[in-house]
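Listed here are the chains, written in short residue letters.
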Amino acid sequence: MSHAVGDLSRDPTPDPAEENAFFPSPYSLSKYTSPKTDFDGVRHKGAYTEGKWKVLMIAAGERYVLVENGKMFSTGNHPVEMLLPLHHMMEAGFDVDVATVAGYPAKLELWAMPREDEAVMATYAALKPRLKQPRRLSEVVAHGLGDDSDYLAVFIPGGHGAVVGLPTSETVGRTLDWALANDRFVITLCHGPAALLAATLGKDQSPFKGYSACVFPDALDEGPNLEIGYLPGRLPWLVADLLSEQGLKIVNDDMTGRTHRDRKLLTGDSPLASHGLGLLAADALVEAARSAG
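Predicted, not measured: the structure shown is a model, and the values here were computed from it.

Some thoughts on the overall build of the chain
So, step 1. When helices and strands are counted, the chain shows nine helices and 13 strands.
So, step 2. Here the C-alpha radius of gyration of the chain, 18 Å, is about what a compact globule of 293 residues would show, namely 19 Å.
So, step 3. Its C-alpha atoms put the chain at 60 × 45 × 35 Å along the principal axes.
So, step 4. Out of the 293 residues in the chain, the part that is buried amounts to 54%.
So, step 5. Within the chain, contacts between residues at least 6 apart in sequence are counted, and of these 78% link residues at least 24 apart.
So, step 6. When the accessible surface of the chain is totalled, it reaches about 12,600 Å², and 48% of it is carbon and sulfur.
So, step 7. Counting 27 positive and 38 negative side-chain charges, the chain places the centres of these two groups 4 Å from one another.

Considering the pairing of strand E8 (residues 151-156)
So, step 1. Counted residue by residue, E8 has six buried out of six residues, so it is predominantly covered.
So, step 2. Judged from the four bridges that link them, strand E3 (residues 54-58) and E8 form a sheet pairing that is parallel. Paired with Leu56 across the bridge in E8 is Val154.
So, step 3. With four bridges joining them, E8 and strand E9 (residues 185-189) adopt parallel strand pairing. Across the sheet, residue Ala153 finds its bridge partner in E9, namely Phe185.
So, step 4. Read from E8 through helix H5 (residues 170-181) to E9, the crossover connection turns out right-handed.

Observations regarding the pattern of salt bridges
So, step 1. Scanning the model with the defined rule gives ten salt bridges in all.
So, step 2. Glu91 serves as the salt-bridge partner of Lys45, at 2.6 Å between the closest nitrogen and oxygen. In this pair, Lys45 sits in the loop between helix H1 (26-32) and E3 while Glu91 sits in helix H2 (residues 79-92), placing the two residues 46 residues apart along the sequence.
So, step 3. On the basis of relative accessibility, which here comes to 61%, the residue Lys45 falls in the exposed class.

Some thoughts on the sheet that holds strand E1 (residues 13-14)
So, step 1. Ordered in space as E1-E2-E5-E4, the four strands form an open sheet in which the pairing is mixed. Two strands bound the open sheet, and with one partner strand each, they are E1 and strand E4 (64-66).
So, step 2. Inspection of the sheet shows strand E2 (residues 21-23) paired to strand E5 (residues 72-74) by two bridges, in the parallel sense. Opposite Phe22, over in E5, you have Phe73 as the bridge partner.

Some details on empty space enclosed by the protein
So, step 1. Summed over the entire model, instances satisfying the criterion amount to one cavity of 30 Å³ or more.
So, step 2. Estimates place the volume of the largest cavity at around 40 Å³.
So, step 3. Around the largest cavity, the lining residues are Val163, His191, Phe216, Asp218, Asp221, Leu235, Trp237, Leu238 and Val239.
So, step 4. Residue classes in the lining of the largest cavity are distributed as six nonpolar, one polar and two charged.

A short note on the sheet that holds strand E6 (residues 95-100)
So, step 1. Ordered by their spatial adjacency, seven strands build an open sheet running E7-E6-E3-E8-E9-E13-E12, and the pairing between neighbours is mixed. Every interior strand has two partners, whereas the edge strands, strand E7 (135-136) and strand E12 (259-262), have only one.
So, step 2. Judged from the four bridges that link them, E12 and strand E13 (residues 265-268) form a sheet pairing that is antiparallel. Looking across to E13, one finds that His260 is bridged to Thr267.
So, step 3. Of the strands in this sheet, E3, E6, E8 and E9 touch H2, which is tilted by about 160° from E8.

Some points on helix H9 (residues 274-292)
So, step 1. Taking 1.5 Å per residue as the helical rise, H9 with its 19 residues ought to reach 27 Å, and the 26 Å between its terminal C-alpha atoms agrees with that figure.
So, step 2. Ser274, His275, Leu277, Gly278, Leu279, Ala281, Ala282, Ala284, Leu285, Val286, Ala288 and Ala289 are the residues of H9 that are buried.
So, step 3. Here the buried face of H9 lies against E3, H2, E8, E9, E12 and E13.

So, how was this worked out
- Residues numbered from 1 in each chain as written.
- Predicted model: local features only at pLDDT ≥ 70, side-chain atom pairs only at ≥ 80, totals over all residues.
- Heavy atoms only, no water.
- Helix = DSSP H or I, 4+ residues; strand = E, 2+ residues; numbered from the N terminus.
- Rg over C-alpha atoms; globule rule 2.2 N^0.38 Å.
- Buried < 20%, exposed > 50% of the residue type's maximum accessible area, 1.4 Å probe, protein only.
- Contact = heavy atoms within 4.5 Å.
- Areas by Shrake-Rupley, 256 points an atom, 1.4 Å probe, with all protein chains shown as cover.
- Lys, Arg positive; Asp, Glu negative; His and termini not counted.
- Charge placed at Lys NZ, Arg CZ, Asp CG, Glu CD.
- Pairing = 2+ DSSP bridges.
- Right-handed = clockwise from strand over helix to strand, strands pointing away.
- Salt bridge = Lys/Arg side-chain N within 4 Å of Asp/Glu carboxyl O.
- 1 Å grid on protein atoms, 1.4 Å probe; cavity = no way out; pocket = protein on both sides within 12 Å on 5 of 7 lines; lining within 4 Å.
- Points joined across faces, edges and corners; volume = space filled by probe spheres on them.
- Nonpolar A, V, L, I, M, F, W, Y, C, P; charged D, E, K, R; others polar.
- Axes fitted to C-alpha atoms, helices over the stretch in contact; angles between N-to-C directions.
- Expected span 1.5 Å × (residues − 1).

See below:
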């Protein structure tokens, strides 16, 4: 017998792999996940055929976020936020290299995987070997980010896993410095923009100061995500708050699927923005590739 959504538990679900760690509650997953996305097709299938330009994805290599009450949130990259934008970019003709800071396997929130979504699942199948054996980001920086690099964009997917390690990584900061210096795209959404904090390491101010961006609303992490048991406790810091302190303008305060472009920085507010950000990214990359020749 099925249960009404209101009868589902709002208590975060224990993660048996780690002491005092938790997945989102059944109730929160009933509100935040779906077997399919809003994907309704790509706009640039096979548009890029030259084979030079590709995308560097910096994936989450850590799973656990320590929250203020001493519990841990078992997280990673949100699969829709990773795979749906990549589906658009790959279908347009751009290959993808996967890297994590330490070279450990990418971590995914598989509890959010839309198992009935053909586009997402096909992209997952295509990328799974690279997700399991990604490149170490420091090696990419050392050998793949010169002036003649074939990376047209750096993509940093969301999910709370993006707040662990990426914002304090000098290697992530060097990657972002390279992207800005070489006029390449930085594409990110939801909690992924936390990685932009790394660009300030060793500097007096953020090179993204004055940029505008969409991010996951702090108000949801401070309120509803606690009330419905999505998070097991309060986060020690909030993404939009710290980015604002560094001089970025956050253009959203809610979660509607909004996307935004400021120069070569492309952002989205949440999993709801994954399809729209994919369309925006494919538009931008195809245009840039054609202009570059």
